[in-house]
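Chain and residue survey
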Amino acid sequence: MMVDDEPLIRKVVKMEMNSRAAKVESGDMDASVISRVEMVDTFADGPSLLAALSKCEAPDYLLVDMEMGGEPTGGLMVTQRVHERYPKVKVIIFSGRFDAPLPGEEGHMQRLYDIGRVVMEALKLGASAFVSKNAVGGFAIENILRAIACLERGEEFYFNYPVMLTLKEAAGHYFDLVSAHDPTFGLSDTERQLLLLEAAGCTAAEISNQLGETDKVVQERQKDLSRRLDIVNKSAARVAKAISLGLINPAEVNFLSRQ
């Protein structure tokens, strides 16, 4: 099945796949299995799909467009709902949003970061594969069949070439940042907790209380972190540098309520 808000794309993919009687090969050389792939139905949005699934047998695979109805990540909600209700369905994200930005494009690194974030979020919500609509030859059926074949062989995830290029560049940028510092740099559990508390805006007294250490010990830890991070001894600078190096995740910050 397929969910995409573009009528032409739904029509073309279904027609191409079914008129060719498309097949995929799985198994190994001693026990090869050839299966026919059929597009059973297509839907313009998530609610239509979920309504249909409540009345019929769930498909083996579901193609999900990432951007639907003007929402850049609308496909994530569909992916989550399907995975929660039909965990055996393998979701293939089918989108043009994962291609690497042009080298001279404004906001190049921000877009790389956004793409990587969406990919990781989709994986967390249950996606199994990512196929770019803008691959060589357009959204050729072969790109979709290759993803299905890999998953049929038992591979856990699949990313086609344009998606891999984007993730490779994003990962390369991350490792370039880290390699500019001591490659053995790491945080103890206490140091990591300290940075998360600073990110949450905790006062010095609150940080000392949370860590169970004296103010003086905490101050020494802060100075040592600043020295190792090669920055001025300011909490905002420590937090920003730690986030840029991937040492802490902003999503883990627990803000205290102020009455």
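Only a predicted model underlies this, so the values are computations on that prediction, with no experimental measurement involved.

Let's shift gears to the side chain of S208. Tracing the sequence through the fold places S208 in helix α8 (residues 204–211). Once residues within four sequence positions are removed from consideration, S208 is found in contact with E213, T214, D215 and V218.

Let us now look at the sheet that holds strand β6 (residues 90–95). Within the open sheet, the 6 strands sit side by side as β4-β1-β5-β6-β7-β8. Their pairing is parallel. The open sheet has two edge strands, β4 (42–43) and β8 (158–159), and neither has a second partner. Sheet analysis places β6 next to strand β7 (residues 127–132), joined by 5 bridges and oriented parallel. Residue pairing in the sheet places V91 in a bridge with A127 of β7. Lying over the sheet, helix α5 (residues 141–152) contacts β5 (61–64), β6, β7 and β8, oriented at roughly 155° with respect to β7.

Under the counting rule described, the total for this entry stands at 11 salt bridges. Here D4 and K133 are joined by a salt bridge, their closest N and O atoms 2.7 Å apart. Of this pair, D4 sits in the loop between β1 (2–3) and α1 (7–19) while K133 is found in the loop between β7 and α5, placing the two residues 129 residues apart along the sequence. Take D4 and K133: they sit in the same class, and that class is buried. Two residues, R227 and D224, come together in a salt bridge whose shortest N-O distance is 2.4 Å.

The contact between helix α2 (residues 46–53) and helix α3 (residues 74–85) brings their axes to 10 Å, and the two run at 15°. Of the possible angle classes, the one that applies to α2 and α3 is roughly parallel. Taken as a pair, α2 and α3 cross one another with a handedness that is right-handed. For the pair formed by α2 and α3, the contact residues are G46, L49 and L50 on the first element and V78, R81, V82 and R85 on the second.

Turning to its location among the elements, K241 is positioned in helix α10 (residues 235–244). Lacking a salt bridge, the buried K241 has D230 as its closest oppositely charged neighbour, with an N-O distance of 5.6 Å. A polar side-chain atom of K241 sits 2.8 Å from the main-chain carbonyl oxygen of L229.

Our next topic: the pairing of β5. Because side chains alternate across β5, one face comprises the buried residues Y61 and L63, and the other comprises L62 and V64, equally buried. Pairing of β5 with β6, which is carried by 4 bridges, proceeds in the parallel orientation. Looking at the pairing, Y61 lines up with K90 of β6. Of the crossover connections in this fold, the one passing from β5 over α3 to the parallel β6 is right-handed.

So, on to α8. Along α8, the residues that are buried comprise I207, S208 and L211. End-on view of α8: buried residues confined to an arc of 100°, all on one side of the axis. Exposed side of α8, more than 90 degrees from the buried face: A205 and N209 are the residues found there. Those residues of α8 hidden inside the fold are in contact with α7 (189–199) and α9 (215–229). In the segment just after α8, G212 is the residue with positive phi, at about 70°.

Turning next to unusual backbone geometry. In this structure, D230 takes a positive phi of about 60° despite not being glycine. As for its position among the elements, D230 is in the loop between α9 and α10. Residue classification places D230 among the exposed residues on the basis of a relative accessible area of 63%.

Procedures and definitions
Residues numbered from 1 in each chain as written. Predicted model: local features only at pLDDT ≥ 70, side-chain atom pairs only at ≥ 80, totals over all residues. Heavy atoms only, no water. Helix = DSSP H or I, 4+ residues; strand = E, 2+ residues; numbered from the N terminus. Contact = heavy atoms within 4.5 Å. Pairing = 2+ DSSP bridges. Axes fitted to C-alpha atoms, helices over the stretch in contact; angles between N-to-C directions. Salt bridge = Lys/Arg side-chain N within 4 Å of Asp/Glu carboxyl O. Buried < 20%, exposed > 50% of the residue type's maximum accessible area, 1.4 Å probe, protein only. Parallel < 35°, antiparallel > 145°, perpendicular 65-115°, else oblique. Left-handed = near helix turned anticlockwise from the far one by under 90°. Lys, Arg positive; Asp, Glu negative; His and termini not counted. Polar contact = N/O pair within 3.5 Å; in protein donor to acceptor, adjacent residues only side chain to side chain. Right-handed = clockwise from strand over helix to strand, strands pointing away. Arc of directions from axis to C-beta.

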